[in-house]
Amino acid sequence: MAYDKFDILTSTAVPLPIENVDTDQIIPARFLKATERVGFGDNLFRDWRYNQDNTLKEDFVLNQDKFSGKILVGGKNFGSGSSREHAAWAVYDYGFRCVVSSFFADIFRGNCLNIGVLPVQVSAEFLQKIFDATEADPTTELEVNLKEQKITLLSTGESESFDINGYKKNNMLNGFDDIDYLLNIKKDIETFAESTPL
Amino acid sequence: MSATKTLFDKVWDSHVVHKIQDGPDVLFIDRHMVHEVTSPVAFLGIKNRNIPVMHPEKTFATADHNTPTINQHLPVADPLSANQLRMLEENANEYGISYWGLGHAKNGIVHVVGPEYGITQPGATIVCGDSHTSTHGAFGAIAFGIGTSEVEMVLATQCIMQPKPKRMRININGKMSKGVTPKDVALFIISQLTTSGATGYFVEYAGEIFRDMSMEGRMTVCNLSIEMGARGGMIAPDEKTFEYVKDREFTPKGADWDKAMAYWETLYTDEDAIFDKELTFDGSLIEPMITYGTNPGMGMGISNDIPMANDVQGGATTYQKSLKYMDFNEGDSMMGKPIDFVFLGSCTNGRIEDFRAFASIVKGRKKADNVTAWLVPGSHKVEAAIKDEGILDILTESGFELREPGCSACLAMNDDKVPAGKLAVSTSNRNFEGRQGPGSRTLLASPLVAAAAAVTGKVTDPRELMVELV
Ligand code: SF4
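What counts as what
- Residues numbered from 1 in each chain as written.
- Chains lettered and ligands numbered in written order.
- Predicted model: local features only at pLDDT ≥ 70, side-chain atom pairs only at ≥ 80, totals over all residues.
- Heavy atoms only, no water.
- Helix = DSSP H or I, 4+ residues; strand = E, 2+ residues; numbered from the N terminus.
- Contact = heavy atoms within 4.5 Å.
- Salt bridge = Lys/Arg side-chain N within 4 Å of Asp/Glu carboxyl O.
- Buried < 20%, exposed > 50% of the residue type's maximum accessible area, 1.4 Å probe, protein only.
- Pairing = 2+ DSSP bridges.
- Axes fitted to C-alpha atoms, helices over the stretch in contact; angles between N-to-C directions.
- Near = heavy atom within 4 Å.
- 1 Å grid on protein atoms, 1.4 Å probe; cavity = no way out; pocket = protein on both sides within 12 Å on 5 of 7 lines; lining within 4 Å.
- Sits in = over half its atoms within 2 Å of the grid points.
- Nonpolar A, V, L, I, M, F, W, Y, C, P; charged D, E, K, R; others polar.

Undergrad: Which parts of the structure should I look at to understand the environment of B:Ile109?
TA: All names here are of chain B. Relative to the helices and strands, isoleucine 109 is located in the loop between strand 5 (98–100) and helix 4 (110–116). Separated by 182 residues in sequence, isoleucine 109 and threonine 291 place their C-alpha atoms 24 Å apart. Contacts of isoleucine 109, omitting those with residues within four sequence positions, involve Asp64, Ser346, Cys347, Gly378, Gly406 and Cys407.

Shown next, in the form of structure tokens:
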């Protein structure tokens with residue numbers, strides 16, 4: 001489906017300095033039973049966010065009033081595990097538009113790009129700077145500029161550039177989606193299909 | 001121009017419909033499998049666009065993630081699960097897709113039934129909205145998990161868009177020692193590479209240890225490729241592969257078979273082809289493995305002690321958080337730890353050879369009283385073989401019960417949930433926090449280790465229970 005355009009995002013960030021955050025933490029399997037793409041944000045990080053009796057775990061970052069914003073900052077190897085796009089949906093539905101980490105799992109990264117959440121991979125040093133800055137002062141803002149492929153810590157002006165391929169960048173800047181592209185080359189696909197051996 | 005290619009390149013390149021400059025490749029998909037959990041939103045997508053499924057004959061639907069593993073003849077009790085199952089059936093019917101739902105004779109876990117009926121073939125591109133689609137790489141296919149947006153792409157256009165991954169080869173020579181299974185080989189590799197060590201790569205497994213493995217063993221290894229971050233893993237097809245594939249329902253017959261074989265026989269890595277990364281291990285050093293943490297990379301030989309935080313790569317804080325969740329300490333020995341649950345099943349270890357291995361240990365012994373055991377075949381076909389081969393009798397005599405096929409406690413979407421705080425030895429593929437139920441603690445291991453735990457009630461080296469072959 002088509003999604004919102006992504007241009008420049010300026011926001012405070014929510015720090016989650018844990019490595020290997022897997023898709024079962026982002027959204028546990030028992031919450032994957034919907035048949036429409038709505039309401040997944042409520043169960044984002046379900047088991048870290050809520051006790052078993054559904055009361056809030058006060059010390060989890062999403063439950064601390066001082067932290068908010070559209071940027072989620074996670075430790076290395078963020079999103080490992082399953083291919084469930086529900087993990088990216090949950091991140092989006094909660095209100096995040098960008099996830100920053102020093103390393104992303106492949107499928108999660110692709111899923112984010114496909115639904116309009118920008119994964120921004122930074123160096124381990126820069127990631128640490130963001131963690132330190134946001135934890136010291138939760139009102140610290142980050143600016144993510146997709147056109148320039150640059151992420152800036154506004155309090156200090158320090159910035160780093162990030163990678164994204166030209167095709168996906170263009171899609172995100174314009175809110176285009178892959179299926180439209182593929183439908184445009186349907187003829188080529190049909191010709192190809194006739195020549196496949198299997 | 002160099003004509004030498006890796007197996008992966010051969011299959012990938014022959015499926016590229018279109019190359020996008022500074023963007024992904026448009027890759028043609030030969031086989032698409034769908035299940036109830038990751039497909040409804042994709043079907044909704046094409047419905048909203050008002051477009052048909054381009055190649056319904058290349059998509060196959062089965063229900064597995066959400067299904068109960070007892071009383072499958074009764075209506076599904078959980079209304080949400082029932083709704084997803086109903087949606088899958090409706091969508092399959094509406095779009096003319098083959099559907100093996102709950103109760104169907106061919107029903108089972110998507111990655112178990114694919115190979116069983118010959119949907120899985122060498123040299124094919126295979127995708128499914130499930131990360132363990134990598135299983136099918138055992139046949140020399142390029143197989144990987146995709147997200148729901150991509151499921152929609154395949155339904156609409158039979159293509160997906162993917163940047164081409166880098167190539168890695170993992171070479172292991174030597175023989176598997178006593179008590180070592182393909183699962184141990186895979187857990188060993190992941191423990192060496194960590195859960196992100198192969199991210200961005202597609203892996204080819206090569207060497208004696210994989211050549212010697214059965215097709216089912218190869219499936220177990222390829223299945224776990226995703227747990228080291230790889231997009232997928234594959235093994236070059238050989239006589240064993242062709243033998244396995246031949247005469248299955250969906251494999252080519254007669255002249256088509258000869259044509260397919262002509263293609264399949266070209267599927268190997270050329271001698272001087274270059275990989276972006278190559279790793280080599282000595283297979284004879286691999287022991288029966290067990291995990292002690294909350295990701296599949298936190299594994300070790302079963303007789304070792306849990307490593308100290310200072311000795312592991314990566315963040316000590318994350319490591320300690322993980323051990324705290326498991327309620328283990330650095331330096332602990334795993335052997336002798338009392339366990340509560342045993343799960344034999346999943347697309348990793350839910351095939352007939354896994355049940356044979358399990359039975360070989362429990363035969364003549366009794367299930368430990370403190371253990372709840374869930375033995376869940378990967379499909380009806382596996383279930384039938386368990387009965388036909390007399391394995392069910394062995395299991396029953398030892399105090400075990402057999403459940404009905406499905407994903408079950410692998411991801412605990414149905415009622416098969418390990419309660420909070422309880423310790424499970426599981427033959428599945430993920431030991432993430434809460435994977436087998438909120439608060440559950442999982443030790444990943446082979447069917448032999450699971451069987452040894454099931455009869456002793458604690459973590460036990462299966463080699464101690466194996467009869468010496470003279
Ligand atoms: S058994 Fe587990 S890993 Fe395999 S398909 Fe089912 S849920 Fe996925």
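Undergrad: Is there a simple way to think about the pattern of salt bridges in this case?
TA: Once their charged atoms are close, side chains differing in charge can pair, the charge on each being opposite to the other. Residues and elements named next belong to chain B. Enumeration according to the criterion identifies 32 salt bridges over all chains in this entry. Between lysine 19 and aspartate 25 there is a salt bridge, with the nearest N and O atoms lying 3.2 Å from each other. Here lysine 19 falls in the exposed class, since its relative accessible area comes to 56%. Of the residues examined, aspartate 25 reaches a relative accessible area of 6% and is grouped as buried. The residue arginine 211 makes a salt bridge to aspartate 238 at a minimum N-O spacing of 3.2 Å. On the criterion of sequence distance, the pair formed by arginine 211 in helix 7 (residues 208–212) and aspartate 238 in the loop between strand 11 (232–234) and helix 9 (239–245) is long-range, its members being 27 residues apart. A relative accessible area of 33% means that arginine 211 is categorised as partly exposed. A residue is classified by how much of its surface remains accessible, and aspartate 238, at 17% relative accessible area, is buried. Here the salt bridges share partners, and the residues they tie into one network are Lys5, Asp9, Asp13, Lys164, Arg167 and Asp276.

Undergrad: Sorry, what's going on with the sheet that holds strand 1 (residues 16–19) of chain B here?
TA: Pairing between the strands of a sheet is mediated by backbone hydrogen bonds and can be parallel or antiparallel. Residue and element names in this part refer to chain B. The sheet built from 3 strands is open, its strands ordered 1-2-8 with antiparallel pairing. Each edge of the sheet is formed by a strand with only one pairing partner; in this case those strands are strand 1 and strand 8 (159–162). Each strand axis lies, on average, 25 degrees off the axis of its neighbour in the sheet, ignoring direction. Bridge count between strand 2 (residues 25–28) and strand 8: 4 bridges; the pairing is antiparallel.

Undergrad: Explanation requested: the site of the ligand in the structure shown.
TA: All names here are of chain B. The immediate surroundings of the ligand are formed by His65, Ile109, His111, Asp130, His132, Ser346, Cys347, Cys407, Cys410, Leu411, Asn429 and Arg435. Mapping the ligand onto the cavity grids shows that it belongs to the largest cavity. Broken down by class, the residue content of the shell around the ligand amounts to 5 nonpolar, 5 polar and 2 charged.

Undergrad: Would you mind going over the pairing of strand 3 (residues 31–34) of chain B with me for this structure?
TA: A regular strand places its side chains on the two faces of the sheet in alternate fashion. Residue and element names in this part refer to chain B. Residues Arg31 and Met33 point to one face of strand 3 and His32 and Val34 to the other, with burial holding for every one of them. Where strand 3 lies against strand 6 (residues 125–128), 3 bridges are found, and the strand directions are parallel. Bridge pairing in strand 6 places methionine 33 opposite cysteine 128. Note that strand 3 and strand 4 (residues 59–62) share 3 bridges and pair parallel. Pairing of methionine 33 across the sheet is with phenylalanine 60, part of strand 4.

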